[in-house]
Amino acid sequence: DGGITQSPKYLFRKEGQNVTLSCEQNLNHDAMYWYRQDPGQGLRLIYYSQIVNDFQKGDIAEGYSVSREKKESFPLTVTSAQKNPTAFYLCASMTGASGQPQHFGDGTRLSIL
Amino acid sequence: LAKTTQPISMDSYEGQEVNITCSHNNIATNDYITWYQQFPSQGPRFIIQGYKTKVTNEVASLFIPADRKSSTLSLPRVSLSDTAVYYCLVPYNFNKFYFGSGTKLNVKP
């Protein structure tokens, strides 16, 4: 089945530690996105990538980094510079063509130890 | 920024039709309007998408007036399992999407 896989489902971070969230898609989509969702809030865009080896900052990129070395993979690193990382993180992908919807993974919940 | 505005919450009873309206005053000529459903601790799930007039699929209908400054998601005969948050999206700045707080629909027995 085609889809987006995020792992792990739950992740815990210690103070001063970097952690990496995985996002893999087998939909052959060009564009991939990372969102952050806080309780009772909508999704906010962290980073997005329209094509391999290229990515752009979203609205809340500070304290995060990404890479896009392969079309199917778009990992997100939450660095120690992100002082409030506790949130639900969602990855999405889409074809990049106008009028096509985004497809979402099931999310990773990150908490601070 | 093509922001959207939706009611924060709505209540309904099982078996009723629910209509959720979204305003998007700054929608561009070629932009589609997309609706998603989200359950707690899950990713948003695509419901329906449209450009103008009316679109219908097996779970919902989407009504878009001629000026396209608003759209209405219609859920026929809701059940308890339709209790969720519903988001209306339009793109801004080429395939970036603004997610507001959505509409929390509470279906009662």
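Look up a bit, the structure's there.
Residues numbered from 1 in each chain as written. Chains lettered and ligands numbered in written order. Predicted model: local features only at pLDDT ≥ 70, side-chain atom pairs only at ≥ 80, totals over all residues. Heavy atoms only, no water.

Enquirer: Give a description of the sheet that holds strand S7 (residues 64-66) of chain A that names residues and reports values.
Expert: Residues and elements named next belong to chain A. Taken together, 4 strands build an open sheet; the order of strands is S1-S3-S8-S7 and the sheet is antiparallel. Edge positions in the open sheet fall to strand S1 (4-7) and S7, since each of these has one partner strand only. Neighbour to neighbour, the strand axes of the sheet diverge by 20° on average, direction disregarded. Where S1 meets strand S3 (residues 19-25), 4 bridges bridge the pair, whose relative direction is antiparallel. When the bridges of S3 are listed, Thr5 appears paired with Glu24. (Pairing = 2+ DSSP bridges. Helix = DSSP H or I, 4+ residues; strand = E, 2+ residues; numbered from the N terminus. Axes fitted to C-alpha atoms, helices over the stretch in contact; angles between N-to-C directions.)

Enquirer: Break down the interface of chain B and chain A for me, with residues and values.
Expert: By convention, interface size is frequently given as the accessible area that disappears when the constituent parts associate. Taken residue by residue, the interface counts 20 residues in chain B and 25 residues in chain A. Taken together, both faces of the contact between chain B and chain A bury some 1700 Å²; the carbon and sulfur share is 49%. Inspection of the region where chain B meets chain A yields 0 salt bridges. Across the chain B-chain A interface, the total number found is 4 residue pairs in polar contact (both at pLDDT 80 or more). Elements supplying a minimum of two residues to the side of chain B that touches chain A: strand S3 (33-38), strand S4 (45-50) and strand S10 (96-97) of chain B. By residue number, the principal contributor to the side of chain B that touches chain A is S3 of chain B, which donates 3 residues. Residues belonging to the side of chain B that touches chain A are distributed by class as follows: 9 nonpolar, 10 polar and 1 charged. (Contact = heavy atoms within 4.5 Å. Buried area = accessible area lost by both parts, 1.4 Å probe. Salt bridge = Lys/Arg side-chain N within 4 Å of Asp/Glu carboxyl O. Polar contact = N/O pair within 3.5 Å; in protein donor to acceptor, adjacent residues only side chain to side chain. Nonpolar A, V, L, I, M, F, W, Y, C, P; charged D, E, K, R; others polar.)

Enquirer: With reference to specific residues and values, describe the packing of aromatic side chains.
Expert: All names here are of chain A. This structure, assessed with the given rule, holds 12 aromatic pairs over all chains. Between Tyr64 and Tyr89, the aromatic rings sit 5.9 Å apart at their centres with planes inclined by 65°, giving edge-to-face as the arrangement. A residue pair is termed long-range when its members are at least 10 positions apart, and Tyr64 in strand S7 and Tyr89 in strand S9 (residues 87-94) qualify at 25 residues. Tyr89 matches Tyr64 in its accessibility class, with the two residues each being buried. (Phe/Tyr/Trp six-rings, centres within 6.5 Å; stacked < 30°, edge-to-face > 60°. Buried < 20%, exposed > 50% of the residue type's maximum accessible area, 1.4 Å probe, protein only.)

Enquirer: Any chance you could break down empty space enclosed by the protein for me, citing the residues and the numbers?
Expert: A water-sized probe, rolled over the atoms, reveals where empty space remains. Summed over the entire model, instances satisfying the criterion amount to 1 cavity of 30 Å³ or more. In this structure, the largest cavity is lined by Lys9, Tyr10, Phe88, Gly107 and Arg109 of chain A together with Ser41 of chain B. For the lining of the largest cavity, the class distribution of residues is 2 nonpolar, 2 polar and 2 charged. (1 Å grid on protein atoms, 1.4 Å probe; cavity = no way out; pocket = protein on both sides within 12 Å on 5 of 7 lines; lining within 4 Å. Points joined across faces, edges and corners; volume = space filled by probe spheres on them.)

Enquirer: Just give me the short version of the pattern of salt bridges, but keep the residues and values in it.
Expert: Residues and elements named next belong to chain A. Scanning all chains against the criterion turns up 4 salt bridges over all chains. Here Asp30 and Lys71 are joined by a salt bridge, their closest N and O atoms 3.4 Å apart. Linking Asp30 in the loop between S3 and strand S4 (31-37) with Lys71 in the loop between S7 and strand S8 (76-78), this pair joins segments that are 41 residues apart in sequence. For Asp30, a relative accessible area of 33% puts it in the partly exposed group. Across the pair Arg44 and Asp38 runs a salt bridge, and its minimum N-O distance is 2.8 Å. Judged by relative accessible area, Arg44 falls into the partly exposed class, the value being 40%. A single network of salt bridges, built from pairs that share partners, joins Arg36, Asp38 and Arg44.

Enquirer: Please set out the side chain of Gln49 of chain B residue by residue, giving values where relevant.
Expert: The topology assignment puts Gln49 of chain B in strand S4. A polar contact is formed between the side chain of Gln49 of chain B and the side chain of Thr34 of chain B, at a distance of 2.9 Å. Excluding residues within four positions of it along the chain, Gln49 of chain B makes contact with Gly99, Gln100 and Pro101 of chain A together with Tyr32, Ile33, Thr34, Val55 and Leu62 of chain B.

Enquirer: Just give me the short version of the layout of surface pockets, but keep the residues and values in it.
Expert: In this structure, the largest pocket spans a volume of roughly 540 Å³. Taken together, 23 residues make up the lining of the largest pocket; nearest its centre are Gln37, Gly40 and Gln41 of chain A together with Val85 and Tyr87 of chain B. In terms of residue count, the dominant contributor to the lining of the largest pocket is strand S8 (residues 84-89) of chain B (3 residues). Across the lining of the largest pocket, the residue classes tally to 8 nonpolar, 12 polar and 3 charged. For the second largest pocket, the calculated volume is near 180 Å³. As for the second largest pocket, its lining consists of Gln37, Arg45, Phe46, Ile47, Asn57, Glu58, Val59, Leu75, Pro76, Val78, Asp82 and Tyr86 of chain B. Each residue belonging to the lining of the second largest pocket can be placed in one class, and the counts come to 7 nonpolar, 2 polar and 3 charged.

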